[in-house]
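Topology and contacts: notes
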Amino acid sequence: MSDDALIDGRDEIDASRAPLLDHLVELRRRLLYCIAAVAVCFGVAMYFANTIFAFLLKPLRAAGQTEVIFTTVYGGFFTEVKLAFFTAMMLSFPVISNQAWRFIAPGLYRKEKRALLPFLLATPVLFTAGAAMAYFIAVPMALHFLLGYSGMVGDVKRQALPDIAEYLSFIMQFLFGFGIAFLLPVLLMLLERAGIVTRQQLKSARRYAVVGAFAIAAVLTPPDVGSQLLLAIPLCLLYELALVGIWFTERKRAKLAAEEAAQAA
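Residues numbered from 1 in each chain as written. Predicted model: local features only at pLDDT ≥ 70, side-chain atom pairs only at ≥ 80, totals over all residues. Heavy atoms only, no water.

A word on the overall build of the chain. Summing up its helical and strand segments, the chain has eleven helices and two strands in all. The C-alpha atoms of the chain give a radius of gyration of 24 Å, which is well past the 18 Å a tight globule of 265 residues would have. With the principal axes as the frame, the chain shows a C-alpha extent of 90 × 45 × 25 Å. Residue burial in the chain is summarised as follows: out of 265 residues, 32% are buried. Considering only contacts in the chain between residues 6 or more positions apart, those separated by 24 or more positions represent 83%. Carbon and sulfur atoms make up 68% of the accessible area of the chain, which amounts to about 16400 Å² in all. Positive and negative charge centroids in the chain, built from 24 and 20 side chains respectively, lie 4 Å apart. (Helix = DSSP H or I, 4+ residues; strand = E, 2+ residues; numbered from the N terminus. Rg over C-alpha atoms; globule rule 2.2 N^0.38 Å. Buried < 20%, exposed > 50% of the residue type's maximum accessible area, 1.4 Å probe, protein only. Contact = heavy atoms within 4.5 Å. Areas by Shrake-Rupley, 256 points an atom, 1.4 Å probe, with all protein chains shown as cover. Lys, Arg positive; Asp, Glu negative; His and termini not counted. Charge placed at Lys NZ, Arg CZ, Asp CG, Glu CD.)

According to the stated counting rule, one finds twelve aromatic pairs in the structure shown. When the centroid spacing of 4.9 Å and the interplanar angle of 85° are considered together, the rings of Tyr47 and Phe48 count as edge-to-face. For Tyr47, a relative accessible area of 68% puts it in the exposed group. Among the aromatic residues, ring-to-ring pairing joins Phe85, Phe86, Phe127 and Phe176 into one connected group. (Phe/Tyr/Trp six-rings, centres within 6.5 Å; stacked < 30°, edge-to-face > 60°.)

The α-helix winds at 3.6 residues per turn, so residues separated by three or four positions along the chain end up facing the same way. All of the buried residues along helix α8 (residues 184–193) are Pro185, Val186, Leu188, Met189 and Glu192. In the segment just after α8, Gly195 is the residue with positive phi, at about 85°.

Residues Leu20, Leu21, Leu24, Val25, Leu27, Leu31, Leu32 and Ile35 make up a contiguous nonpolar surface patch of roughly 780 Å² in combined accessible area. Position of Val25 relative to the elements: it lies in helix α2 (residues 20–47). (Patch = residues over 30% accessible without salt bridge, like charges linked within 9 Å, V, L, I, M, F, W, Y side chains within 5 Å. Salt bridge = Lys/Arg side-chain N within 4 Å of Asp/Glu carboxyl O.)

This part covers helix α3 (residues 49–62). Between its first and last C-alpha atoms α3 spans 20 Å; for 14 residues at 1.5 Å apiece the expected length is 20 Å, and the two agree. Of all the bends in α3, the greatest reaches close to 35° and is centred on Leu56; the proline Pro59 follows between one and four positions later. Taken as a whole, α3 has its buried residues at Ala49, Phe53, Leu56, Leu57, Pro59 and Leu60. Gly64 occupies a position one or two residues after α3 and carries a positive phi of about 100°. (Expected span 1.5 Å × (residues − 1). Bend = angle between axes of the 7 residues up to and from the residue.)

Counting 33 residues, the largest nonpolar core has Tyr167, Phe170, Ile171, Phe174, Leu175 and Phe178 as the members making the most contacts within it. For this core, the secondary structure elements donating two or more residues are α3, α6 (110–146), α7 (164–181), α10 (206–220) and α11 (225–264). Leave out the neighbours within four places in its chain, and Ile171 touches Leu56, Tyr135 and Val139. The next biggest cluster of nonpolar side chains, apart from the first, holds eleven residues, and it includes Phe119, Leu126, Val197 and Leu243. (Core = buried A, V, L, I, M, F, W, Y, C linked by side-chain atoms within 4.5 Å.)

The subject of this paragraph is the packing of α10 against α11. With their axes 8 Å apart at the nearest point, α10 and α11 run at an angle of 145° to one another. α10 and α11 meet at a crossing whose hand is right-handed. Contact residues: α10 offers Arg206, Ala209, Val210, Ala213, Phe214, Ile216, Ala217, Ala218 and Leu220, while α11 offers Gln228, Leu229, Leu231, Ala232, Leu235, Cys236, Tyr239, Glu240 and Leu243. For the contact of α10 with α11, a count of residues per class yields 15 nonpolar, one polar and two charged. (Axes fitted to C-alpha atoms, helices over the stretch in contact; angles between N-to-C directions. Left-handed = near helix turned anticlockwise from the far one by under 90°. Nonpolar A, V, L, I, M, F, W, Y, C, P; charged D, E, K, R; others polar.)

What follows covers the side chain of Asp163. For Asp163, the location among the structural elements is in the loop between β2 (156–158) and α7. At 8.3 Å, Lys82 is the nearest oppositely charged side chain to Asp163, a buried residue that forms no salt bridge. Here the side chain of Asp163 touches Thr71 through a polar contact of 3.3 Å, landing on its backbone nitrogen. Excluding residues that lie within four positions of it along the chain, Asp163 makes contacts with Ile69, Phe70 and Thr71. (Polar contact = N/O pair within 3.5 Å; in protein donor to acceptor, adjacent residues only side chain to side chain.)

Our focus in this paragraph is the packing of α2 against helix α4 (residues 75–91). Across the interface, α2 lies against α4 with an axial gap of 8 Å and an inter-helix angle of 135°. Looking at the two axes, α2 sits oblique to α4. Judged by the twist between their axes, the crossing of α2 over α4 is right-handed. On α4, the residues touching Val38, Cys41, Phe42, Ala45 and Met46 of α2 are Phe77, Glu80, Val81, Ala84, Phe85, Thr87, Ala88, Met89 and Leu91. Classifying every residue of the contact of α2 with α4 by side-chain character gives twelve nonpolar, one polar and one charged. (Parallel < 35°, antiparallel > 145°, perpendicular 65-115°, else oblique.)

What follows covers the pattern of salt bridges. Counted according to the given criterion, the structure contains four salt bridges. The shortest N-O distance in the salt bridge between Glu26 and Arg29 comes to 3.0 Å. Of the two residues, Glu26 and Arg29 are both situated in helix α2; the distance of three residues between them amounts to about one turn of the helix. Glu26 is the partner of Arg30 in a salt bridge, and the nearest nitrogen-oxygen pair spans 2.7 Å. Here the residue Arg30 and the residue Glu26 both occupy positions in helix α2, the gap between them amounting to four residues, near one helical turn. Three or more residues joined by partner-sharing salt bridges are found here, namely Glu26, Arg29 and Arg30.

Everything listed here is a matter of coordinates, which is why it stays silent on function.
Written out as structure tokens, the structure reads:
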């Protein structure tokens, strides 16, 4: 980096400096925006809780289950509250991420802003893709396997009567598990960008990544092999996708470095 570029970068940071009290006031303002967004989304989600829960129950209905229960007097109410909170966190994520970006962006160099912004934009897309895969593919397959234990055992009828609270926890585990797992490329590319790992280290750790993918799948999914493969295989593919993305970013950084060196000369 040339001296002029370094000075410009320092000037950019110096121009955005503020006293500690100003930072705390700004942090409070951003947090209030986030809390307000969550509160508004929670109110909307609470109003449409039955509609949202009916949507989440579709895989269960498709698996042949037509009845759910709650075993405590307050079970139905608290399940709706929990559902509304989960929904509010998802709906308000764009606002929360935007406020976080607005808080940290003044302390970043222009190049750092350009580097981090694509990751911020890719996060909700990848999370939604993972949650969609869980809802449309993994959850129906898992329910088909788990509800297959219903039927006659000797002369006794064995029938599944899912509790709504347990079912909500079950499907949310899938949605959040798959959604967060699909953020693997973002995590690896950020680690590489921060200098914590290199592409060569990630390439040499492929075999451990495969083992880790199956271990994560075993924890987040039921014991049937199909559900585990549905998470483990995409994780392995996303790991390879991260390596490709890092290769492209390395080439871009090398090109920019060569251009700066040429300009400095």
